[in-house]
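As a plain string of letters, each chain reads:
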Amino acid sequence: MRANIYRDHRPAACILGLVACIFFFPVPLWSQNSDYDEAVRRYIDAYQRIAVKEMQEFHIPASITLAQGIFESNAGRSTLAVEANNHFGIKCHKEWTGETIYQDDETKHECFRKYGCAEESFRDHSRFLSERDRYKSLFSLDMTDYKGWAKGLKETGYATNPAYADKLISTIEKYGLYRFDAAGFSVAYADSLGRLKDSLQKKTVSPPYEVFATGPGNRTVYLNNGLQFIILDAADNVHTLAKAFGVKEKKLLSWNDLKKGARLATGMMVYLEPKKRKGSSSYYEVRQEDTMYTVSQKTGIRLSSLYRKNKMSPGQTLHAGQRLLLR
């Protein structure tokens, strides 16, 4: 059941979402079942900043916006999303004078709005929730209370699916979307950020990385190879980090190629999600102090993938100046 959304404004110009519109290539419909998780992660990468920007302007949790977008658009692969940049099932009303697309829904050949960019659909969603009295009670909830928001949307009639709240909550928890609800200004406007301060660069973090957000405990979260990580403080350990970021200790260790009982060193990069199989550049030039593990952490590549790409085995020696393939 799609929400019947309308607004009294023409679609806003695509600004922040332009990059996502250009670079997010939807997964073909025939492969939806086999790669849904990958499609969801691509969707999150493409639209997280739009969702955070909307949260900052309209005070709707970014986790809720992303979860609804994922659910309503089948992770950006629905006909409406692909052909009309319509991620929330926004239907036509007499007020609408823009482009349209027709599709069967509750009845045949229903009219839906068509957008030049996904950001227009996200903005319509924000206005729909913030400008109607029926959803006013939701805005008294804490911004991080995604469960309350999900249940409230169902109770106030946003959708008729009896499992709607549960589906939103499970999506948020499975993909860790709650982390965006605590995101700061830098997530939505990261393009304006400069280099990190020298004091951070001295903590063996090189090259300097993009600031992503302020996480639990006022920790700074950075981005590397599209992945979130923190720099370990002296007071941190696997247990405290896992608890703070709402992940299992076993997963946190696995994401960082560590075994149970491993000692974490101050200044160490600790990833908050699985590392990738490829790097953002073609190769890495080995430094005197490097090991395969430190290169794996610096480049955001799984240790096993790094060994495989370079046809190496554990225990082989690295040499300063040696080039390791990352792609």
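We now turn to the structure provided with this report. (Residues numbered from 1 in each chain as written. Predicted model: local features only at pLDDT ≥ 70, side-chain atom pairs only at ≥ 80, totals over all residues. Heavy atoms only, no water.)

Some thoughts on the environment of Met143
Now for step 1: Position of Met143 among the secondary structure elements: in the loop between helix H5 (118–130) and helix H6 (146–155).
Now for step 2: Placed 82 residues apart in sequence, Met143 and Pro61 show a C-alpha to C-alpha distance of 5.6 Å.
Now for step 3: Apart from residues lying up to four places away in sequence, Met143 is in contact with Met55, His59, Ile60, Pro61 and Asp181. (Helix = DSSP H or I, 4+ residues; strand = E, 2+ residues; numbered from the N terminus. Contact = heavy atoms within 4.5 Å.)

Quick word on the packing of H6 against helix H7 (residues 164–174)
Now for step 1: Contact geometry for H6 and H7: axes closest at 8 Å, N-to-C directions at 155 degrees. Comparing their axes, H7 and H6 come out roughly antiparallel. You can see that H6 and H7 cross each other, and the crossing is right-handed. Every residue of H7 that contacts H6 at Tyr146, Lys147, Ala150, Lys151, Leu153 and Lys154 is listed here: Tyr164, Ala165, Leu168, Ile169, Ile172 and Glu173.
Now for step 2: Across the contact of H6 with H7, the residue classes break down as eight nonpolar, no polar and four charged. (Axes fitted to C-alpha atoms, helices over the stretch in contact; angles between N-to-C directions. Parallel < 35°, antiparallel > 145°, perpendicular 65-115°, else oblique. Left-handed = near helix turned anticlockwise from the far one by under 90°. Nonpolar A, V, L, I, M, F, W, Y, C, P; charged D, E, K, R; others polar.)

Remarks on the packing of aromatic side chains
Now for step 1: Counted according to the given criterion, the structure contains 12 aromatic pairs.
Now for step 2: Summarising the aromatic geometry, the rings of Phe88 and Phe122 are spaced 5.1 Å apart at their centres and angled 85 degrees between planes, so their arrangement reads as edge-to-face. Separated by 34 residues along the polypeptide, Phe88 in the loop between helix H4 (79–84) and strand S1 (100–103) and Phe122 in helix H5 bring together distant segments of the chain.
Now for step 3: Take Phe88: its relative accessible area is 0%, and that puts it in the buried class.
Now for step 4: Taken together through their ring pairs, the aromatic side chains of Phe71, Phe128, Tyr135, Tyr158 and Tyr164 make up a single cluster. (Phe/Tyr/Trp six-rings, centres within 6.5 Å; stacked < 30°, edge-to-face > 60°. Buried < 20%, exposed > 50% of the residue type's maximum accessible area, 1.4 Å probe, protein only.)

Looking at a positive patch on the surface
Now for step 1: Taken together, the side chains of Arg41, Lys248, Lys250 and Lys251 define a basic patch exposed on the protein surface.
Now for step 2: Checked against the element boundaries, Lys248 lands in the loop between helix H10 (238–245) and helix H11 (249–255). (Patch = residues over 30% accessible without salt bridge, like charges linked within 9 Å, V, L, I, M, F, W, Y side chains within 5 Å. Areas by Shrake-Rupley, 256 points an atom, 1.4 Å probe, with all protein chains shown as cover. Salt bridge = Lys/Arg side-chain N within 4 Å of Asp/Glu carboxyl O. Lys, Arg positive; Asp, Glu negative; His and termini not counted. Charge placed at Lys NZ, Arg CZ, Asp CG, Glu CD.)

Focus: the sheet that holds strand S4 (residues 220–224)
Picture the strands of a sheet paired through backbone hydrogen bonds; they go either parallel or antiparallel.
Now for step 1: A sheet is described by the order of its strands in space; here four strands give the open sequence S3-S4-S5-S6, paired in antiparallel fashion. The open sheet is flanked by strand S3 (210–214) and strand S6 (269–271), the only strands paired with a single partner. Between one strand axis and the next, the sheet turns through 40 degrees on average, direction left out of account.
Now for step 2: Across three bridges, S4 lies against strand S5 (residues 227–231) in antiparallel orientation. In the sheet register, Asn224 faces S5, and the bridge partner there is Leu227. (Pairing = 2+ DSSP bridges.)

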